[in-house]
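Per-entry structural report
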Amino acid sequence: MITYKQITRDDPLYPGECRLRERVLLEPIGYDIQKFIEAYPGFEERFEHFVATTSTPGGDRVIGCVLLLRETDRPGFGKLMQMAVDPQRQGEGIGKRIVIEVESKAFGEMGLEGLYCHAQTSAVSFYEQLGWQPEGEEFEEAAIPHQKMVITRPPVASEQVPVSDW
Ligand SMILES: CC(C)(COP(=O)(O)OP(=O)(O)OC[C@H]1O[C@@H](n2cnc3c(N)ncnc32)[C@H](O)[C@@H]1OP(=O)(O)O)[C@@H](O)C(=O)NCCC(=O)NCCS
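Residues numbered from 1 in each chain as written. Predicted model: local features only at pLDDT ≥ 70, side-chain atom pairs only at ≥ 80, totals over all residues. Heavy atoms only, no water.

1. Some thoughts on the site of the ligand
If you check the shell around the ligand, you find 19 residues, and the closest are Gly-93, Gly-95, Lys-96, Ser-125 and Gln-129. Between an oxygen atom of the ligand and a main-chain N or O atom of Gly-95, the distance comes to 2.8 Å. Between Gln-129 and the ligand, the recorded distance is 2.7 Å, taken from a side-chain N or O atom to an oxygen atom. Relative to its free-state accessible area of 870 Å², the ligand is covered by the protein chains to the extent of 71%. More than half of the atoms belonging to the ligand lie within 2 Å of the grid points that define the largest pocket. If you list the elements that add at least two residues to the shell around the ligand, you get helix 1 (14-26), strand 4 (77-85), helix 3 (94-107), strand 5 (114-120) and helix 4 (124-129). Of the residues assigned to the shell around the ligand, the class counts are nine nonpolar, eight polar and two charged. (Near = heavy atom within 4 Å. Polar contact = N/O pair within 3.5 Å; in protein donor to acceptor, adjacent residues only side chain to side chain. Areas by Shrake-Rupley, 256 points an atom, 1.4 Å probe, with all protein chains shown as cover. 1 Å grid on protein atoms, 1.4 Å probe; cavity = no way out; pocket = protein on both sides within 12 Å on 5 of 7 lines; lining within 4 Å. Sits in = over half its atoms within 2 Å of the grid points. Helix = DSSP H or I, 4+ residues; strand = E, 2+ residues; numbered from the N terminus. Nonpolar A, V, L, I, M, F, W, Y, C, P; charged D, E, K, R; others polar.)

This is how it looks when you write it as structure tokens:
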């Protein structure tokens, strides 16, 4: 069974989250967590940490994660970062479910108007399938082509334009 939850840096699952980020995202660009923390001072403690876990005989294991930066220089918009799923578990719907969990929190209790991320261009269609849209031109980050992807909060029923106004 896969469990989706938000954790803090005190959680025993946090080292597993860091290890997954290293394996999937950081090591391929020559980083580890320490180097990432030094490159983005003050960020690690500001992130909201979301993980997907599975239980194993040795305890719960992190198989997916993403970080949410709640306050960005774009008012009302949070930023998703470090989205990663264990290579052995990719393609099972875990990444999709993690993003849906974050959207639900972000647009619900956090009251954000939108979310954006810098997606590796190879992952653009992953976000598009979730209703995110590209914004602007492709650009390079860490020598990898990226595309900004954005989603805005879906209107709640009371905000929808009544049919009679069309
Ligand atoms: C990209 C990533 C997070 C997707 O997570 P995942 O659990 O493998 O994706 P899911 O199984 O939830 O896929 C959801 C949908 O997106 C599609 N999809 C998944 N990964 C994709 C990719 N890299 N490119 C295009 N489409 C992708 C799937 O086909 C699936 O479509 P379906 O619902 O029609 O079957 C994961 O593959 C990963 O960690 N990749 C390496 C690191 C990375 O690229 N991170 C993102 C940086 S922005």
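2. Some details on the sheet that holds strand 3 (residues 59-69)
The strand order across the open sheet formed by seven strands is 1-2-3-4-5-7-6, and the pairing between neighbours is mixed. On the outer flanks of this sheet lie strand 1 (2-7) and strand 6 (133-141), each paired with one strand and no other. For this sheet the average axis-to-axis angle between neighbouring strands, irrespective of direction, equals 25°. Alignment of strand 3 against strand 4, held across five bridges, turns out to be antiparallel. Counted as the bridge partner of Leu-67 is Met-81 from strand 4. (Pairing = 2+ DSSP bridges. Axes fitted to C-alpha atoms, helices over the stretch in contact; angles between N-to-C directions.)

3. Things to note about the environment of Phe-50
Take Phe-50: it is sitting in strand 2 (residues 47-56). Taking the relative accessible area as the measure of exposure, Phe-50 reaches 5% and is therefore buried. (Buried < 20%, exposed > 50% of the residue type's maximum accessible area, 1.4 Å probe, protein only.)

4. Observations concerning the pairing of strand 3
Counting buried residues along strand 3, eight of its 11 residues qualify, which places the element largely inside the surrounding structure. Where strand 2 and strand 3 come together, 10 bridges link them in antiparallel fashion. Within strand 3, the position partnered with Thr-54 by the bridge is Arg-61. Connecting strand 2 to the antiparallel partner strand 3 that follows it, the hairpin turn spans two residues.

5. Digging into helix 1
Within helix 1, the full set of buried residues consists of Tyr-14, Glu-17, Cys-18, Leu-20, Arg-21, Glu-22, Leu-25 and Leu-26. On the buried face of helix 1, the contacting elements are strand 1, helix 2 (33-39), strand 2, strand 3, strand 4 and strand 5. (Contact = heavy atoms within 4.5 Å.)

6. Points about the environment of Ile-151
Here Ile-151 shows up in strand 7 (residues 144-152). For Ile-151, a relative accessible area of 11% corresponds to the buried category. In this structure, the C-alpha to C-alpha distance between Ile-151 and Cys-117, residues 34 residues apart in sequence, is 9.3 Å.

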